[in-house]
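Listed here are the chains, written in short residue letters.
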Amino acid sequence: MIHFKLAIRTLIHYKMYSVINLLGMAISLACAIIIARYVHSELRVDGFNSKLNRIYMTTAEDSKAPGETVYAGIYDPNGNISKNPGVEKHASFIPFPDEDIVVENQTYSTALLVIDSVFLQILDYPARVGVRNILRPEDALITETFAAKVFGSEDPLGKTFDYPALKRTLTVAGVIRMPAYKSILSFDMLVSSQLAKRWGRMKYSLILLYPGTDYRDVNRQHSEFTDGTRYQLFPYRDIYLEKHVKNLSAPFAHGNITYVFILSGTGILLLLTGLVNCINISSVVMTRRNRELGMKKVFGAEGYRIFIQLLLENLILTVFSLIIAFRLADAFSPFMENRLGVMQYPNLRFDLRLSLALALALPAIVSIVPFLRYRYFSPVRSLQSVNAGNKSLFLRKFFLCFQYCLTTGLITVSLFFVKQLNFMLDSDPGFRRHDIIRVSFIKSRYTAYGMETREEAMESQNRKEAIFSELKQKLNASPLIEHWSFGNFPVSDNYEYPFRVAGGELQNTVIIGTDETWFKIFDIKLLEGRLWNSETDYLSYNLIVSEGTLKQFGVTDYREGELTPYERIWRSPGRDEEMKTNPPNRIVGVVKDLHLSKQPSPAVFYFRKGNYGSPIIASFAPERRKEVLEFMKSLHDELVGGEFTYSFIEDEIAKLYSEDKKVAVICTAFTGMAILISMLGLLGVSLFDIRQRRREIAIRKINGAMIMDVVRLLLKGYFVLLGVAFVVSVPATLFVIVKYLENFAYKAPVSWWLFAAALAITVFISLLTLIYQVYRACIEPPAEAVKN
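Residue positions are counted from 1 within each chain, in the order its sequence is given. Local features in this predicted model are restricted to residues whose pLDDT is 70 or higher, and side-chain atom pairs enter the listing and the counts only when it is 80 or higher, whereas totals over whole chains, interfaces and linings include all residues. With hydrogens and water stripped out, all remaining heavy atoms of the structure feed into the side-chain values.

Description of helix α17 (residues 649-656)
Okay, step 1: Any residue under 20% of the maximum accessible area for its type is buried, any over 50% is exposed, and the rest in between are partly exposed; the area is computed with a 1.4 Å probe on protein chains only. A run of H or I in DSSP becomes a helix once it reaches four residues, and a run of E becomes a strand once it reaches two; helices and strands are each numbered from the N terminus. All of the buried residues in α17 are Ile 649, Glu 652 and Ile 653. Seen from one end, α17 has its buried residues packed into an arc of 100 degrees, which puts them on one side.
Okay, step 2: Should any heavy atoms of two residues lie within 4.5 Å, those residues are considered in contact. On the buried face of α17, the contacting elements are β12 (436-439) and β22 (646-648). Think of the arc as the fan of directions from the helix axis to the C-beta atoms.

Here we look at the sheet that holds strand β13 (residues 481-486)
Okay, step 1: In spatial order, the strands read β13-β21-β12-β22; together these 4 strands make up an open sheet with antiparallel pairing. Edge positions in the open sheet fall to β13 and β22, since each of these has one partner strand only. Ignoring which end each strand starts from, the neighbouring axes of this sheet average 20 degrees apart.
Okay, step 2: Strands are labelled as partners when DSSP assigns at least two bridges between them. In the sheet, β12 pairs with β22 via 3 bridges, with the strands oriented antiparallel. Bridge pairing in β22 places Ile 437 opposite Phe 648. Lines fitted to the C-alpha atoms define the axes, with helices restricted to the stretch that makes contact. Angles between their N-to-C directions range from 0 to 180 degrees.

Some details on the nonpolar core
Okay, step 1: Put simply, buried Ala, Val, Leu, Ile, Met, Phe, Trp, Tyr and Cys residues joined by side-chain atoms within 4.5 Å make one nonpolar core. Ranked by internal contacts, the top residues of the largest apolar core, which has 45 residues, are Leu 29, Leu 270, Val 342 and Phe 670.
Okay, step 2: Of all elements in the fold, only α2 (15-43), α6 (257-288), α8 (303-338), α9 (348-376), α11 (391-426) and α18 (658-692) reach the threshold of two or more residues within this core.
Okay, step 3: Looking at which element gives the most residues to this core, the answer is α2, with 13 residues.
Okay, step 4: Non-local contacts of Leu 29, meaning those with residues more than four positions away in its chain, are made with Leu 271, Ser 321, Leu 322, Ala 325, Leu 358 and Leu 362.

With respect to the confidence of the model for the chain
Okay, step 1: Summary statistics for the chain give a mean pLDDT of 80 and a share of 84% for residues scoring 70 or more.
Okay, step 2: Per-residue confidence from the predictor is given as pLDDT, running between 0 and 100. Within the model, pLDDT remains below 50 along residues 385-389, and this stretch shows 11 contacts once partners closer than five positions in the same chain are excluded.
Okay, step 3: The low-confidence segment residues 568-580 (pLDDT under 50) makes 24 contacts with residues lying over four places distant or belonging to another chain.

Observations concerning the environment of Arg 530
Okay, step 1: Looking at where Arg 530 falls in the secondary structure, it is placed in the loop between β16 (526-529) and α14 (534-537).
Okay, step 2: If we skip the residues at most four places from it in the chain, Arg 530 touches Asp 537, Asn 542, Ile 544, Val 588 and Gly 589.

Quick word on the packing of helix α20 (residues 707-741) against helix α21 (residues 752-779)
Okay, step 1: Contact geometry of α20 with α21 gives a least axis separation of 10 Å together with a crossing angle of 155 degrees. Accordingly, the angle class assigned to the pair α20 and α21 is roughly antiparallel. Viewed along their axes, α20 and α21 form a crossing whose handedness is right-handed. On α21, the residues that touch Ile 707, Val 710, Val 711, Leu 714, Leu 715, Tyr 718, Phe 719, Leu 722, Phe 726, Val 730, Thr 733 and Leu 734 of α20 are Phe 755, Leu 759, Thr 762, Val 763, Ser 766, Leu 767, Leu 770, Val 774, Ala 777 and Cys 778.
Okay, step 2: Among the residues forming the contact of α20 with α21, the class breakdown is 19 nonpolar, 3 polar and no charged. Orientation labels follow simple angle bins: below 35 degrees gives roughly parallel, above 145 gives roughly antiparallel, 65 to 115 gives roughly perpendicular, and whatever is left gives oblique. Helix crossings are classified by the rotation of the near helix relative to the far one: an anticlockwise turn of less than a right angle makes the crossing left-handed, while a clockwise turn makes it right-handed. Three residue categories are used. Nonpolar comprises Ala, Val, Leu, Ile, Met, Phe, Trp, Tyr, Cys and Pro, charged comprises Asp, Glu, Lys and Arg, and polar comprises the others, including Gly.

Here is the structure:
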């Protein structure tokens, strides 16, 4: 208790330094907490599942394309991996990411999962109200977010809705609470697989192993190919950050481990900046307390008692800083989520562990430096002067230099992130990147088979053809539309497919189905050969490729080039005998490379006529955007009704770089915080240094020194430290930038002005912090300074 009271008294006595220290620590801790929560949520995806470490997805690999692994369900009922003795439970689910349901004559688009009775025994999605599992085929579970969207504030339990694809009326039996962790699977609704005997989409399988079973042993036991396919287990917890296993249609959320590392590094640097700031200001305070500690040593104070006192002082400061930091982090959470995309998933257990770790580590680290100085300084040396020893001055300079180094490095990196983002957005993607709209009119439905009679199927087909005929007529007649077709954006929903040249190995390349108008819409440049002709290329074995594809497969003359796909890309009616073979596809044209991702994107185009279920894509004049949107909406409401969904090509390109934009904005924002922390640290150190030199300044002024002479004298030491810090930070910053650029094919040049700008900004903030104190020291009457 005595130590506690003494610590409080000391903090109050040096209140100016305590406040500066408190603010610097609180800001750095708040930033570190925000980033730590985000990183924790990225690394602990689906952490609400109590059996997460025992849950696995099945993957499939074809013997004809070894190494090409996809997430896939198990279809062979005999002797497959799900029958292994180590398997406790086996569940399956089928995703339908864009299904329609009808509630009180209002149509809603929903992401739906068809599940079996075991699915929710493996995954622990918590129930907010109602049942936690589907007990009857007519029951459905919905998320609380979707419940609020459809039913508002009404109690959703017992509410009914129509599922037109199955001609069934379902009842809401339970509401799933949003878990406190990010989840890999994204859905709005769960329905029973017993609603239909056959479903028209690929299923996925979940495996729960018995405790103590090693999935690698299970994989070794099933390493042989059976009927050309090999099933293996892949940890469910690793799906989120996995890049090598292909995801064909499952609604899995995916993260980027590179960005996790970047943000983790940013958080560590911010924490280091605050820690260095705290150590530096503490060293200033300890310099002023040299005599106090020297007297205690003379009177026999034991070392551990002094350490306890220092530790308590810093512990009190850290605890108050943590309280303020968590308040700041919670207050800024909406801004971080809505503006910066840094999702915050509050987790009390994680917050408590983080608080405990920081509360134990920070005071110990901050206390050790002044304690060691006390331990090895003789009492006489401590009593001589508050400036005793050169070690104190050296430490202050070292930590201030280190702080400058972190600040200039963060500024340079954040400036480069912004430059790289703008460079990518401004680079030529090889296709038209503005004034193209995509609208879904008639959605494809791949639900259960056998749910329609022949007459109903014919009636549905006739209705679609009538809608298509009127849609075609109105789009062709509209002066707002330049070109239109069925299809998709080049950067949307692309997948890779293996091809080979004669005698070569299979190689993956992006494959896109298009017609002749698609190339006109996106203004894709033809380099050699020709584009599509709908009369001759339909059902042909012809391909158009990008120039990068020719290089990828070593084809020098496209006219002699042929690519053979791993399997037939399309099926030709009435050509069953021919389908037993896989003929090579002739290259008829070469187009400019398309920028479909951050890496080079060789592409293969095959002819595909648009179908009713594909979205409409249309190009238009730049000044007609609003009119085109209104026209498309009125056309949609007139012909099909329901929810109007659209997007522009600009939005899709922006999505491609959304993570990079998020990283650039976050680093810029946190760099601003690092600058503020550095300003506080510089303020505390300069406040002490300039006060210590008041008499020296007064004597120089008496001896005829001008104000500018004094200003240069006081600023010289700080700018020398800044110069040293800048020289040290340049190679370290270059290393970070080079590592960051490894994931990009299109790399912005590392310009000299980035470093010059970082140096200029650091000089400016230093002047901003120092100038007022320097000015006060210069105008103070010499008599007052000498007397005091």
